[in-house]
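So the chains spell out like this:
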Amino acid sequence: DGGITQSPKYLFRKEGQNVTLSCEQNLNHDAMYWYRQDPGQGLRLIYYSQIVNDFQKGDIAEGYSVSREKKESFPLTVTSAQKNPTAFYLCASSPGRAYNEQFFGPGTRLTVL
Amino acid sequence: GNSVTQMEGPVTLSEEAFLTINCTYTATGYPSLFWYVQYPGEGLQLLLKATKADDKGSNKGFEATYRKETTSFHLEKGSVQVSDSAVYFCALSNDGGYQKVTFGIGTKLQVIP
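These numbers were taken from a predicted model, which means no experiment stands behind them. (Residues numbered from 1 in each chain as written. Chains lettered and ligands numbered in written order. Predicted model: local features only at pLDDT ≥ 70, side-chain atom pairs only at ≥ 80, totals over all residues. Heavy atoms only, no water.)

Let's talk about the state of the cysteines
Taken as a whole, this structure holds 2 disulfides over all chains when the rule is applied. Covalent S-S linkage joins Cys23 of chain A and Cys91 of chain A, the inter-sulfur distance amounting to 1.9 Å. Torsion about the S-S bond of the Cys23 of chain A and Cys91 of chain A cystine: about -75°, corresponding to left-handed handedness. Placement of Cys23 of chain A in strand β3 (residues 19-25) and of Cys91 of chain A in strand β9 (residues 87-94) is noted, with a sequence separation of 68 residues between them. Just as Cys23 of chain A is buried, Cys91 of chain A falls in that class too. Paired by a disulfide, Cys23 of chain B and Cys90 of chain B hold their sulfur atoms 1.9 Å apart. An S-S torsion of about -70° defines the bridge between Cys23 of chain B and Cys90 of chain B as left-handed. Here Cys90 of chain B lies in strand β10 (residues 86-93) and Cys23 of chain B lies in strand β4 (residues 23-26), a separation of 67 residues in the sequence. One exposure class covers both Cys23 of chain B and Cys90 of chain B, and it is buried. (Disulfide = S-S within 2.5 Å. Helix = DSSP H or I, 4+ residues; strand = E, 2+ residues; numbered from the N terminus. Buried < 20%, exposed > 50% of the residue type's maximum accessible area, 1.4 Å probe, protein only.)

Below you can see the structure in the form of structure tokens.
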């Protein structure tokens with residue numbers, strides 16, 4: 001089955017620690033995205049990547065980092081510089097052409113203790 | 001810039017009631033329009049889409065018509081079920097440099113038996 005997987009589903013970390021969220025897709029999509037979702041705020045774009053080895057900051061990139069070494073993978077690192085990291089994180093992909101919808105993974109809920 | 005406006009809710013309806021969730025947008029050019037649905041603890045799923053003016057998207061009894069003259073894409077369903085309880089996101093995609101998707105804030109729907 002084609003789709004997007006995110007792991008783990010639930011993640012706990014202590015303050016001051018970096019943590020990496022996994023996102024893998026087998027849809028052969030060029031573009032991948034990371035969003036953060038908080039209650040009452042909808043989706044906010046963190047980073048996006050249109051092709052391998054290239055990525056761009058979204059609207060709220062501070063305190064996050066990404067890499068795109070393979071077409072299938074787009075991991076997100078939440079660093080200790082992110083002041084309020086507790087949130088639901090969603091990864092998405094799209095063919096990369098204009099006007100196309102995005103396909104979403106099941107999400108990772110990160111809680112900082 | 002692009003924007004999508006929808007009511008946050010919650011919208012509470014009895015089973016078999018008629019549903020309307022309003023969505024209006026501001027965009028340059030001729031965007032594609034989408035409705036996504038998110039069930040509790042999950043990622044977003046595409047519900048329906050429309051790519052040009054006067055197109056009607058439909059799926060699972062839900063419908064929305066792309067109205068360019070009123071810049072609207074209201075979601076409707078004739079008879080809701082308890083299983084329709086979820087958060088619904090209106091979104092648009094235009095021909096921006098990387099196929100940016102702009103999401104509304106999401107409307108929570110609660111259907112009671």
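Some remarks on the pattern of salt bridges
Residue and element names in this part refer to chain A. Counted according to the given criterion, the structure contains 7 salt bridges over all chains. Note that Asp30 is salt-bridged to Lys71, the shortest N-O span being 3.3 Å. Here Asp30 is found in the loop between β3 and β4 (31-37), whereas its partner Lys71 is found in the loop between β7 (64-66) and β8 (76-78), with 41 residues between them in sequence. The exposure class of Asp30 is partly exposed, given its relative accessible area of 34%. (Salt bridge = Lys/Arg side-chain N within 4 Å of Asp/Glu carboxyl O.)

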